[in-house]
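# Examining the three-dimensional arrangement
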Amino acid sequence: MTYIFTLIILFLLELLYLRIANKFNIIDKPNERSSHTKITIRGGGIIFYAASIIYFISSGYQYPWFFLGLTLLTYISFLDDIRGVHPNWRLAVHFASVLLMVYEFGVFNYPWYYLVLAFVFTIGVINAYNFMDGINGMTAFCTLVMGSLLAYVNTKINFIEQDFLIYTLLGVVVFGFFNFRKKAACFAGDVGPAVLSFMLLFALGKLIMKTGDFTYILFLAVYGIEIGWSVARRVYQGYHIFEPHRTFLLHMLSNEVGHSSLKVSVGYGLVQLALGAAVIYIVQFGASVQWAFAITILGALSAFYLTWKQHIFNHYYIKGEERYAIRHRRLKQLKAHRRRKKALVPQVKLAPEAKVIEMPQKEVAGTLMQRGV
């Protein structure tokens, strides 16, 4: 009964936010990189923070340092949705939030490079979640899958308060009601992916610390494959990795190939569900089996991903590809053209340079006759 009451409260809060956002013009206007074609309210992911606060109060203020970090992250991300924030300020707040989450873990006695790895990994996942929030339903469905996997594992291992995951999923269900549709009523904005990824990383971190098993990171493998290879491609082409573009596979499947965005979202979620189920099964075996599984599955997913993506590049016109995706190809073509042009120039032997003798400025006639001039 408590969960149903919470669901109703969250639904009403989201409706209230939609009215406020519409009044104060908190919107997302479509551009050439967008998958949507009409103005849509952004920042609807604030409901995830509302769900977390309800849990925080009802649980007797569990995980206070984590929720302080989550509050800072929510503030800076929502401010970015409203009017934009300088990247340095956003990075500083992200760093402070990670420090507070790590302090909640109680691992400050670990070597310093653990903190650096935690910061880099957290920032990477937050940006990955932000990038993947590109088409309707992707954030909601994939988070439901991952949250459900964590909740199932929690019934076996009990690494975190179960209500932490349940309240998170209730917020996702409410958001999905407005976003998981052909024409979304709202987008998560920057605040939604930031809050969700931070909460899921906290739960995942608690699971890994409880079991000592890093194989559970594969719960994020579908996002990881998409973001990892896309960033590698951008770096190879010489572009800034945070420059907006629409060459993620999920964007191309929806925009260029023409698949429904909801079908793409469901497809990604089902792949992650199958992979998560395999992870839950494989962790009962030894480390050598887990390593072999991780290498095999990541290699197979990468090969499938790269082959499918290259097929789309070869057979479909990618909007904006002229500017975003072929700088390296153009440089190669230019160099080849210069080599061909140089090869066509005939080789001409030049005569040896003549020796120049300077003549005196003034000479008398007799002296010149004596010299035979």
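The structure reproduced in this document is the subject of the present report.

### Regarding helix α8 (residues 191-211)
Spanning 21 residues, α8 covers 30 Å between terminal C-alpha atoms, matching the ideal 30 Å at 1.5 Å per step. Two residues or fewer past α8, G212 is found with a positive phi of approximately 70°.

### Re helix α6 (residues 138-157)
In a regular helix each residue adds 1.5 Å, so 20 residues correspond to 28 Å; α6 covers 28 Å between its end C-alpha atoms and thus fits that length. N158 lies just past α6 and shows a positive phi near 60°.

### Comments concerning a nonpolar patch on the surface
Nonpolar side chains collect at one region of the surface, where M1, I4, F5, I8, I9, L12, L13, L15, L16, I20 and F24 lie side by side and expose about 1100 Å² of accessible area between them. Along the chain, the position of F5 falls in helix α1 (residues 2-23). Overall, the relative accessible area of 54% leaves F5 in the exposed class.

### Some points on the environment of K206
Relative to the helices and strands, K206 resides in helix α8. In this structure K206 comes out as partly exposed when scored by relative accessible area, which is 22%. If we ignore the near neighbours within four places in the chain, the residues touching K206 are Y63, F105, F159 and I160.

### Here we look at the nonpolar core
Counting 92 residues, the largest nonpolar core has F66, L150, F164, F219 and Y268 as the members making the most contacts within it. Tallying contributions element by element places α8 first for this core, with 13 residues.

### Details of the pattern of salt bridges
Under the definition given, this model contains three salt bridges. Residues D81 and R42 are paired through a salt bridge, measuring 3.1 Å at the closest nitrogen-oxygen approach. Within this pair, whereas D81 is found in helix α3 (residues 64-82), its partner R42 is found in the loop between β2 (40-41) and α2 (46-58), the two being separated by 39 residues in sequence. With respect to class, D81 is no different from R42; both count as buried. D190 is the partner of R42 in a salt bridge, and the nearest nitrogen-oxygen pair spans 3.9 Å. With R42 in the loop between β2 and α2 and D190 in the loop between α7 (162-179) and α8, this pair connects stretches of sequence that are 148 residues apart. In this structure, R42 and D190 share a single accessibility class: buried.

Definitions and cut-offs
Residues numbered from 1 in each chain as written. Predicted model: local features only at pLDDT ≥ 70, side-chain atom pairs only at ≥ 80, totals over all residues. Heavy atoms only, no water. Helix = DSSP H or I, 4+ residues; strand = E, 2+ residues; numbered from the N terminus. Expected span 1.5 Å × (residues − 1). Patch = residues over 30% accessible without salt bridge, like charges linked within 9 Å, V, L, I, M, F, W, Y side chains within 5 Å. Areas by Shrake-Rupley, 256 points an atom, 1.4 Å probe, with all protein chains shown as cover. Salt bridge = Lys/Arg side-chain N within 4 Å of Asp/Glu carboxyl O. Buried < 20%, exposed > 50% of the residue type's maximum accessible area, 1.4 Å probe, protein only. Contact = heavy atoms within 4.5 Å. Core = buried A, V, L, I, M, F, W, Y, C linked by side-chain atoms within 4.5 Å.

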